[in-house]
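# Survey of secondary and tertiary structure
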Amino acid sequence: MSGDRGNKAGRMVAWMPNGVTSLSLVCGFVAIVLSGDLMSPGAFGLSRLELCWILIGSAAVFDFLDGLTARLLHATSAIGKELDSLCDLVSFGVAPAVMLYHVIRAFRPEWGEWTAWMSVMIAVCGALRLAKFNVDTRQTSSFIGLPIPANAIFWIGYMAFLASSDLAGELLSVAVIAVVSLLMVSELPMFSFKIKGGFKMDMPNISRIALIISAILLVIFWGVEGFMWTIAVYVSLSIINVLCRASADTAKK
């Protein structure tokens, strides 16, 4: 009897990370539903768009916690890896794409409808990015292409920009959608926050510190729009890392 209870407890522990991952999916799904009618009243003194942003941010937190939970409980599994990718696609690919579509329709009704439909590119490139990540052995401690959670964070900031600024032109938005989407499937090496072999003041770690400081300052001074600029800084720092590495390799030859 005690053995059965032990097996059940073990199975429950093994599924805990998947439960956390599923909460990320729930957040993405609710954000999609709420974004369908942005002009309706929100809740807790927040607009529906603001609630959507919070839900995507919550999904990112759960996405971080599921991996942490799996490592702490020694409960990593092949199912967990696949579930994580599926949930990431919904919460960080499909949800931002649908939200952007509705933001353009609600806040920029004078734009052509095709511009709003351009947002499907985010979901498609997000799916391709995740499929590539799952089979790419080069991405164990860093990334190739923009990570899909970073994509979602960018669009939170850009949607705030669209909703509040007259500087957001139609052609600019089309270009931004194309560039950010293609960054996800690009071959650009991008640093992660995984630190292996101890901390040392090398270029990747300097970049991590610079990104954290930049994110804090940008959000303080720009508010939600600061998330857009934070990802722009992330991409810029990654490009600088690539150039520094190439320069160092050339110097060695």
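Please read these numbers as outputs of a predicted model, since none were measured by experiment.

The next thing to look at is the overall build of the protein chain. Secondary structure summary: the protein chain contains nine helices and two strands in total. From first element to last, N terminus to C terminus, the protein chain shows the α and β order α-α-α-α-α-β-α-α-β-α-α. The buried share of the protein chain, reckoned over its 253 residues, is 40%. Working note: accessible area of the protein chain is about 13,400 Å², and carbon and sulfur atoms make up 72% of it.

Enumeration over the complete set of coordinates arrives at two salt bridges. For the salt bridge of E113 with R105, the shortest nitrogen-to-oxygen distance reads 3.2 Å. The residue K132 makes a salt bridge to E187 at a minimum N-O spacing of 2.7 Å. You can see K132 sitting in helix α5 (residues 120-135) and its partner E187 sitting in the loop between α7 (170-184) and β2 (189-191), a full 55 residues away along the chain.

As a further point, take the packing of α5 against α7. Where α5 meets α7, the closest approach of the two axes is 8 Å, and the angle between their N-to-C directions is 10 degrees. The angle between the axes of α5 and α7 places the two elements in the roughly parallel class. The residues of α7 that touch α5, namely those facing M121, I122, C125, G126 and R129, are I177, A178, S181, L182 and M184. Classifying every residue of the contact of α5 with α7 by side-chain character gives seven nonpolar, two polar and one charged.

So, on to a nonpolar patch on the surface. The grouping of F193, I209, I212, I213, I216, L217, I220, F221, W222 and W229 at the surface amounts to a nonpolar patch, some 1,100 Å² of accessible area in total. Top element by residues in the nonpolar patch is helix α8 (residues 203-222). It accounts for eight residues. Look at L217 and you get partly exposed, because its relative accessible area is 43%.

We now examine the confidence of the model for the protein chain. In this model, the protein chain carries a mean pLDDT of 86, and residues with pLDDT of at least 70 account for 88%. The secondary-structure element of the protein chain with the lowest mean pLDDT is helix α1 (residues 2-35), recorded at 76, while α7 shows the highest, at 95.

What counts as what
- Residues numbered from 1 in each chain as written.
- Predicted model: local features only at pLDDT ≥ 70, side-chain atom pairs only at ≥ 80, totals over all residues.
- Heavy atoms only, no water.
- Helix = DSSP H or I, 4+ residues; strand = E, 2+ residues; numbered from the N terminus.
- Buried < 20%, exposed > 50% of the residue type's maximum accessible area, 1.4 Å probe, protein only.
- Areas by Shrake-Rupley, 256 points an atom, 1.4 Å probe, with all protein chains shown as cover.
- Salt bridge = Lys/Arg side-chain N within 4 Å of Asp/Glu carboxyl O.
- Axes fitted to C-alpha atoms, helices over the stretch in contact; angles between N-to-C directions.
- Parallel < 35°, antiparallel > 145°, perpendicular 65-115°, else oblique.
- Contact = heavy atoms within 4.5 Å.
- Nonpolar A, V, L, I, M, F, W, Y, C, P; charged D, E, K, R; others polar.
- Patch = residues over 30% accessible without salt bridge, like charges linked within 9 Å, V, L, I, M, F, W, Y side chains within 5 Å.
- pLDDT = per-residue confidence, 0-100.

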